[in-house]
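Coordinates in review
Take a look at the letters that make up each chain.
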Amino acid sequence: MEEILIYGTVFLLCAVIVIIYLRKLKQASEVVEAKVEQAKQDGLYEPVSLHPVIDLNTCIGSAACVAACPEQDILGLIRGKASLVNASHCVGHGACFHSCPVEAISLVIGTEKRGVDLPHVNPDFESNVPGIYIAGELGGMGLIKNSVEQGQGAVESMIRSGIPKDPSTLDLVIVGAGPAGISATLTATKHKLNVLTLEQDSLGGTVFTFPRSKIVMTAPMDLPLHGKVKLFDTSKSELLDLWNEVLSKNKIQIREHAKVEEIRMTKKGFEVEIKSGEIFLTKRVLLAIGRRGSPRKLGVPGEDSEKVAYRLLEPELIREKNIMVIGGGDSAIEAALSLMEENKVTLSYRKDAFSRIKPKNREKILAAIEEQKLDCAFLTNPVKIAHGEVVLMNESDQREYAVPNDQVFIFAGGELPTQFLQKTGVEITKRFGYTVKKHN
Ligand SMILES: Cc1cc2nc3c(=O)[nH]c(=O)nc-3n(C[C@H](O)[C@H](O)[C@H](O)COP(=O)(O)OP(=O)(O)OC[C@H]3O[C@@H](n4cnc5c(N)ncnc54)[C@H](O)[C@@H]3O)c2cc1C
């Protein structure tokens, strides 16, 4: 009798624990399902580029992928299986892919509905234009380590195929100084090529503009002229310091703020023209321009003034200024929110309401407007950026008015590299759901 009582109690206890566990699981699932619904409503559910695809038959619901992702709310668990949530925020660094204990994740570019433009590149990194090579994320392979490997691989491949000896032109012009461009520059220097690297912005590429300082590297990488880099959980500044150190040790100068506008074929190779009008003659070109493109300009008078920027790097250093933030997407809203406590911020947006932004940003910006922490000028467009002011046009009554101003941040999206590639003659194909990495 006593035994039955003990077994019964244990059984009851186990049943209660299982019920509590299942209930918690159900509640957690419901939270994720609600987030998925919200993401669908906000237009954030559809991935933009490289993203994980989960094989539900293999997934065991360990949640390792959810824990490994340094971005927020991209993956969640629904009824014990991993699921995409705010997939359009995925940056494709593949930490989920590497963390899955049962290899249930593949990395895929584009979806069945949304294609991604990928240039034609052969296994030697050469495009359909002989002499123009492509490396890094532009070719479809994201991640710092992959870009570094590809930058090196592309230069080694062009050396193998032979570069004519002619001192009257450069051997190689590298366009872009992100991880791929830096690695290619180091490799070209190692092989004593006469190389010039042109960067439209600042050294470091996308890494330089990361909104967070944490960087995830899932495996060690080999940096030419340096050796193995065993940084796993590192920071943006640590990585940038390392690149700068290796470049300066080898006396390599990368030409920053030199946007390549056009590449023209010549008898001896190529003419590479930058925004200032300067032209460089070269035998080979490596495009390492990533996929993020160039910030879109508004084309208003005064936009080329020094006080205008297209990204915000250290908001904590900006104080007591009149700031104009232009745009209505996540980047503009995040910039405005991070500047408003210490500055007087005006947010100018051409539409009458925000759309397709992260739910948290929507909540925060609406609260900030309500509390009058910043001025939000809906339905306005800047018509002139002048010393001490920005002139806005109110689109509802066509009235122009001046707003006192010290600094302007423009977040008007980007010109994708597609146009640049097409102008250069590189063929592009739209890929729908193209698998980049799969466990075998
Ligand atoms: C928010 C975020 C977080 C990420 N986190 C990680 C992470 O933790 N770990 C990881 O491994 N990866 C991460 N990634 C992905 C990683 O940053 C990219 O895969 C990598 O930077 C691609 O390198 P790349 O050299 O091919 O291109 P990019 O880094 O994009 O560099 C391209 C460069 O080319 C320049 N350029 C473009 N057009 C021109 C032109 N016409 N003339 C001159 N220059 C031009 C650009 O200004 C840019 O500097 C993250 C990405 C984002 C957006």
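Take the overall build of the chain next. Across its full length, the chain holds nine helices and 27 strands. Considered along the principal axes of its C-alpha atoms, the chain spans approximately 100 × 60 × 40 Å. The proportion of buried residues among the 440 residues of the chain is 36%. Across the chain, the fraction of contacts at a sequence separation of at least 24, relative to all contacts at a separation of at least 6, is 67%.

Before going further, it helps to examine the site of the ligand. Around the ligand, the structure places 37 residues, and the nearest of them are G136, G176, G178, G205 and G290. Those elements that provide at least two residues to the shell around the ligand are helix 4 (144-161), helix 5 (179-190) and strand 9 (214-216). Two domains each provide a minimum of three residues to the shell around the ligand, namely domain 1 (2-109) and domain 2 (117-293 + 417-437).

Quick look at the sheet that holds strand 18 (residues 322-326) now. Reading across the sheet, the five strands line up as 17-24-18-19-20 and stay open at both edges, with parallel pairing between neighbours. Strands at the two margins of the open sheet, each flanked by one partner only, are strand 17 (308-309) and strand 20 (375-378). This element, helix 7 (residues 330-339), spans strand 18, strand 19 (344-349) and strand 24 (407-410) of the sheet and lies at about 165° to strand 18.

Let's shift gears to the nonpolar core. V175, L286, L287 and A288 are the most contacted members of the largest nonpolar core, which has 51 residues in total. Apart from the residues within four sequence positions on either side, A288 is in contact with A135, G136, L138, G151, I174, V175, G176, G178, A180, G181 and A184.

Next up on the list: helix 7. For helix 7, the buried fraction is high: nine of the 10 residues fall into the buried class. Turning to helix 7, its buried residues are D330, S331, A332, I333, E334, A335, A336, L337 and L339. The inward-facing, buried residues of helix 7 abut strand 18, strand 19, helix 8 (359-370) and strand 24.

This part takes up the sheet that holds strand 4 (residues 105-109). With antiparallel pairing, three strands are arranged side by side in an open sheet as 1-4-27. On the outer flanks of this sheet lie strand 1 (50-54) and strand 27 (434-437), each paired with one strand and no other. In this sheet, neighbouring strand axes are inclined to one another by 45° on average, regardless of whether the strands run parallel or antiparallel. Here three bridges tie strand 4 to strand 27, and the two strands are oriented antiparallel to one another. Residue pairing across strands places L107 opposite K437, the latter belonging to strand 27.

A separate point is the domain arrangement of the chain. Here the chain is described as being made up of domain 1 (2-109), domain 2 (117-293 + 417-437) and domain 3 (308-414). A straight line from the C-alpha centre of domain 1 to that of domain 2 covers 37 Å. Contact with domain 1, which involves 13 residues of that partner, is made by 13 residues of domain 2. Elements with a contribution of two residues or more to the side of domain 1 that touches domain 2: helix 3 (95-99) and strand 4.

With 12 residues, helix 8 extends 17 Å between its outermost C-alpha atoms, agreeing within 8% with the 16 Å of an ideal straight helix rising 1.5 Å per residue. One or two positions beyond helix 8, positive phi appears at Q372, with a value near 55°.

Looking at where A104 falls in the secondary structure, it is placed in the loop between helix 3 and strand 4. Taking C-alpha positions, A104 is 28 Å from K358, a pair spaced 254 residues apart along the chain. What A104 contacts, discounting residues up to four positions off in sequence, is I54, D55, T58 and C59.

Our focus in this paragraph is the packing of helix 4 against helix 5. Where helix 4 contacts helix 5, the axes come no closer than 7 Å and their chain directions differ by 35°. Crossing geometry of helix 4 relative to helix 5 is assigned as right-handed. Together, I144, S147, V148, Q150, G151, Q152, A154, V155 and E156 of helix 4 and P179, A180, G181, I182, S183, A184, T187 and A188 of helix 5 make up the contact between the two elements.

Before going further, it helps to spend a moment on the environment of F420. Tracing the sequence through the fold places F420 in helix 9 (residues 417-424). In this structure the C-alpha to C-alpha distance between F420 and E262, which are 158 residues apart in sequence, comes to 7.7 Å.

So, about unusual backbone geometry. The backbone of A63 shows a phi angle near 70°, a positive value even though the residue is not glycine. Relative to the elements of secondary structure, A63 occurs in the loop between strand 1 and helix 2 (64-68). In this structure A63 comes out as partly exposed when scored by C-beta crowding, with 15 C-beta atoms within 10 Å. Residues other than glycine seldom take positive phi values, yet E103 does so here, at roughly 55°. Here E103 falls in the partly exposed class, since 13 other C-beta atoms lie within 10 Å of it.

Sheet analysis places strand 2 (residues 75-78) next to strand 3 (residues 81-84), joined by four bridges and oriented antiparallel. Paired with G76 across the strands is S83, a residue of strand 3. Taken together, strand 2 and the strand that follows it, strand 3, pair antiparallel across an intervening segment of two residues, in which R79 is found at a positive phi of about 45°.

So, about the packing of helix 7 against helix 8. One way to put it is that helix 7 packs onto helix 8 with a least axis distance of 10 Å and a crossing angle of 45°. The orientation of helix 7 with respect to helix 8, classified from their angle, is oblique. Between helix 7 and helix 8 lies a crossing of left-handed hand. Contacts between helix 7 and helix 8 involve D330, I333, E334 and L337 on the former and, on the latter, N361, K364, I365 and A368. Considering only residue class, the contact of helix 7 with helix 8 consists of four nonpolar, one polar and three charged.

Conventions adopted
- Residues numbered from 1 in each chain as written.
- Predicted model: local features only at pLDDT ≥ 70, side-chain atom pairs only at ≥ 80, totals over all residues.
- Helix = DSSP H or I, 4+ residues; strand = E, 2+ residues; numbered from the N terminus.
- Buried ≥ 20, exposed ≤ 12 C-beta atoms within 10 Å, placed from the backbone.
- Contact = placed C-beta atoms within 7 Å.
- Near = placed C-beta within 6 Å.
- Domains from an automatic or database assignment.
- Pairing = 2+ DSSP bridges.
- Axes fitted to C-alpha atoms, helices over the stretch in contact; angles between N-to-C directions.
- Core = buried A, V, L, I, M, F, W, Y, C linked by C-beta atoms within 7 Å.
- Expected span 1.5 Å × (residues − 1).
- Left-handed = near helix turned anticlockwise from the far one by under 90°.
- Parallel < 35°, antiparallel > 145°, perpendicular 65-115°, else oblique.
- Nonpolar A, V, L, I, M, F, W, Y, C, P; charged D, E, K, R; others polar.

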